[in-house]
Amino acid sequence: MMPSAEGDAPLRVLQSFPHKIGSGRISDIAWHQAESASEAGARVTVFPGVVHRALPPSISVSPTLARGRWRLPYRALGLVRTLELHDRIVARRLERIAAEVDVVHAWPLAARHTLAKARMLGITTVLERPNAHTRFAYEVVQRESDRIGVELPRGHEHAFDATRLRIEEQEYDLADYLLCPSDFVARTFLDRGFTEDRIVRHAYGYDQSRFFPPGEPRKTGAGITVLFAGFAAVRKGLHFALDAWLTSPASRQGKFLVAGSIYPGYEEHLRDRLAHESVRTLGQRTDVPELMREADALVLPSIEEGMPLVTLEALASGCVPLVSDICTDACVDGFNALVHPVGDVAALAAHFTRLHDDRALLDRLAENSVASARQYTWNRAGEVLLQAYLDALARHGVTYAAGRPG
C-alpha cells in the first residue's frame, strides 16, 4: 500500500457514478476504482445510481436512485434525465459534506451540477474520460460507417447526439482536470485545444482472479486460434480483422472466434465474411477468460477507444494482442503484442501470417505478455489513481499540512 498523502490522515475522495455500479463494462471499472483506491489508502465515498455488486465495508456507499428494495428504473425518465437527477442529488449532498471531501471524481453525462457545486466550494474535481473526446468519436465512427455503408440509427452510442455532446462539452469546461486512461484519449483532447495541464493520466486494470495464463502449454495444432471478444460495432474494427484474416494463409488452417454480440446493421455488412468456414460466431459469452486461455491471440483493430480492458485481460492470459496503434499503452509492438496502424488491413494480415508461420515468435510474445501484465492489475491501478488525485491537488495549488489539505 502506498501512502495516501503527506501526514497521517487519508485523502478523502468522493466518487460519483450514475449507473449500476458493478454491473459490467464501465460499471465494473467504477467498482474496481473504488475498491482499489480504498485499498491504496484513500478514504472513499461512493454515490452510485444503484448498487449491483456490493463494495467492501471500508467504503461508504450511498445510492442516489435506490432506497432499500426500491429502484428508479433508468427508462422511467429517460437516460439523460435520470443521469441529471443523479447529478443534482450528488451536488446537494456535496454541499452538506464539503468539509469531508478533498477530491470529487465524476463520470460523464452526470457531472455538470456536481462540478459547478465543487468549484463554488473550492473542491478539486476530476472528470473520468473512459473514451476519446466525444466529438472526435462521433466524427471518426460516422466517417468509417459511411465508408463501409453501415447506418448508425438514432440512439446508437456513436450516432451523433447534439444533447449528449452539449452536456459533455460543458462538463469538460467545468472540470478542473480530465482523467484520461490512455495516451490516445489524452491526445484527442489536446488536439481539440485543451492544454497539457488540464490532463491527468491514470490507468485501468484487470481482475487477477479471472484472467491468468493456462496451467499447461496451449495445444500446438496446425493453425492458430484468434479471438475477437466484446460488443462488435464499427468502432471496434471487426471488419478490418476479418478482411485481414481472410487474406492471410492463417485462415486456411486456423480459427477465428467472435465472442460477443454484433450490432445488427454491422452484422449484415459482415455476413459473407462471418460465414467463412474458419470463422465461428459464439454470441454473448460468460467464459471469456477460458476462451483467452485457449486462444493464441486477441485481435482488436479499433478506430476509437479508451483503455480497452480486453487487451489487459489478454496480456494476463498469455493471449497475444494484435491491436491498432491507438491501443498501445500496455501493448508494445514486437515485445508483448503486434501493433498495426489504424485501418491497415495489409499490416494486420501480415501479423496473422507471422504468428501462423513462427510458433517461436508466438511463444515469446505470450511469455512477455504475461510478465508485463503484472503492472496492470487493479491493485496497481488503484495506486496510480490515488497518485492522479494527488497530482490534481498539487496542480490546483493544494498543499498538505498535518495530513489535511491546507
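Quick notes on the rules
- Residues numbered from 1 in each chain as written.
- Predicted model: local features only at pLDDT ≥ 70, side-chain atom pairs only at ≥ 80, totals over all residues.
- Heavy atoms only, no water.
- Salt bridge = Lys/Arg side-chain N within 4 Å of Asp/Glu carboxyl O.
- Helix = DSSP H or I, 4+ residues; strand = E, 2+ residues; numbered from the N terminus.
- Buried < 20%, exposed > 50% of the residue type's maximum accessible area, 1.4 Å probe, protein only.
- Contact = heavy atoms within 4.5 Å.
- Expected span 1.5 Å × (residues − 1).
- Pairing = 2+ DSSP bridges.
- Axes fitted to C-alpha atoms, helices over the stretch in contact; angles between N-to-C directions.
- Right-handed = clockwise from strand over helix to strand, strands pointing away.
- Patch = residues over 30% accessible without salt bridge, like charges linked within 9 Å, V, L, I, M, F, W, Y side chains within 5 Å.
- Areas by Shrake-Rupley, 256 points an atom, 1.4 Å probe, with all protein chains shown as cover.
- Lys, Arg positive; Asp, Glu negative; His and termini not counted.
- Charge placed at Lys NZ, Arg CZ, Asp CG, Glu CD.
- Core = buried A, V, L, I, M, F, W, Y, C linked by side-chain atoms within 4.5 Å.

> Please clarify how the pattern of salt bridges should be interpreted in this entry.
Note that side chains of opposite charge can pair when their charged atoms are close. Going through the model one piece at a time under the given rule, you end up with 19 salt bridges. Linking R201 and D183 is a salt bridge whose minimum nitrogen-to-oxygen distance equals 2.4 Å. Of this pair, R201 sits in strand β9 (residues 199–201) while D183 is found in helix α7 (residues 183–190), placing the two residues 18 residues apart along the sequence. Residue classification places R201 among the partly exposed residues on the basis of a relative accessible area of 32%. One salt bridge connects R273 with D243, and the closest N-O pair in it is separated by 2.8 Å. Residue R273 is located in helix α11 (residues 271–274), and its partner D243 is located in helix α8 (residues 238–247); the two are separated by 30 residues in the primary sequence. With a relative accessible area of 17%, R273 lands in the buried category.

> Is there a simple way to think about unusual backbone geometry in this case?
Trans is the common state for peptide bonds, and a negative phi is the common state for residues other than glycine. Not every positive phi belongs to a glycine, and R25 is a case in point at roughly 50 degrees. By the secondary structure assignment, R25 is in the loop between β1 (12–21) and α1 (26–40). Judged by its relative accessible area of 59%, R25 is exposed. Positive phi, normally seen in glycine, also occurs at L109, with a value near 70 degrees.

> Would you explain the environment of A241 in this entry?
Positionally, A241 belongs in helix α8. With a relative accessible area of 0%, A241 lands in the buried category. For the pair A241 and A98, spaced 143 residues apart in sequence, the C-alpha to C-alpha distance is 50 Å. Not counting residues up to four positions away in its chain, the partners in contact with A241 are F256, V299, P301, L348 and F352.

> When you look at α1 in this model, what are you seeing that I'm missing?
Note that an α-helix has 3.6 residues per turn; residues three or four places apart therefore point the same way. Spanning 15 residues, α1 covers 21 Å between terminal C-alpha atoms, matching the ideal 21 Å at 1.5 Å per step. With respect to burial, α1 is a largely interior element, 11 of its 15 residues being buried. Looking at α1, one finds that the buried residues are S27, I29, A30, W31, H32, Q33, A34, S36, A37, S38 and A40. For α1, the secondary structure elements touched by its buried residues are β1, β2 (43–51), β6 (103–106), β7 (124–128), α13 (309–317) and α16 (378–395). Immediately beyond the C-terminal end of α1, within one or two residues, lies G41, with a positive phi of roughly 125 degrees.

> Just to check I follow, could you spell out the side chain of H356 for this structure?
Looking at where H356 falls in the secondary structure, it is placed in helix α14 (residues 345–357). Discounting chain neighbours no more than four positions away, the residues touching H356 are A222, G223, I224, P249, A250 and Q253.

> When you look at the sheet that holds β2 in this model, what are you seeing that I'm missing?
Working definition: the strands of a sheet are paired by backbone hydrogen bonds and lie parallel or antiparallel to each other. Taken together, seven strands build an open sheet; the order of strands is β3-β2-β1-β6-β7-β8-β9 and the sheet is parallel. What marks the edges here is a single partner per strand, and that holds for β3 (60–61) and β9. Bridge analysis of β6 against β7 gives four bridges, and the strand direction is parallel. The residue bridging A106 from the neighbouring strand is L127, located in β7. Seen against the sheet, helix α3 (residues 79–97) touches β1, β2 and β6 and runs at an angle of roughly 160 degrees to β1.

> Is there a simple way to think about the sheet that holds strand β15 (residues 338–340) in this case?
Reading across the sheet, the six strands line up as β12-β11-β10-β13-β14-β15 and stay open at both edges, with parallel pairing between neighbours. Both edges of this open sheet fall to β12 (279–283) and β15, since each of them pairs with a single strand only. The mean angle between the axes of side-by-side strands here comes to 20 degrees, regardless of whether they run parallel or antiparallel. Judged from the three bridges that link them, strand β14 (residues 320–324) and β15 form a sheet pairing that is parallel. If you follow S324 over to β15, its bridge partner there is H340. Each of β10 (225–229), β13 (297–300) and β14 is contacted by α13, which is oriented at about 165 degrees to β13, the strand it contacts most. Sitting on the sheet, α14 is in contact with β10, β11 (255–259), β13, β14 and β15, with an inclination near 160 degrees to β15.

> For this particular structure, what's the right way to read the pairing of β1?
For a regular strand, side chains alternate in direction, first toward one face of the sheet and then toward the other. In terms of burial, β1 is largely enclosed, as nine of its 10 residues are buried. Sheet topology places β1 next to β2; eight bridges connect them, and they run parallel. Its bridge partner lying in β2, K20 is registered against V50. For the segment spanning β1, α1 and β2, crossover handedness is right-handed. As paired elements, β1 and β6 share four bridges and run parallel to each other. For S16, the partnering residue across the bridge sits in β6 and is A106.

> I tried to follow a negative patch on the surface on my own but got confused; where do I start?
Together, D357, D358, D363 and E367 line one region of the surface with negative charge. Among the structural elements, D363 can be located in helix α15 (residues 359–373).

> Teacher, can you tell me more about the nonpolar core here?
Taken as a class, soluble globular proteins show a tendency for nonpolar side chains to be buried jointly. Of all hydrophobic cores here, the largest spans 96 residues; its most connected members are L238, F256, Y266 and F352. Of the residues forming this core, the biggest block, nine residues, is contributed by α16. Excluding its chain neighbours within four sequence positions, the residues that come into contact with Y266 are I148, V150, A232, A233, V234, G237, L238 and H239. Of all hydrophobic cores here, the second largest spans 13 residues; its members include L115, V185, F194 and I199.

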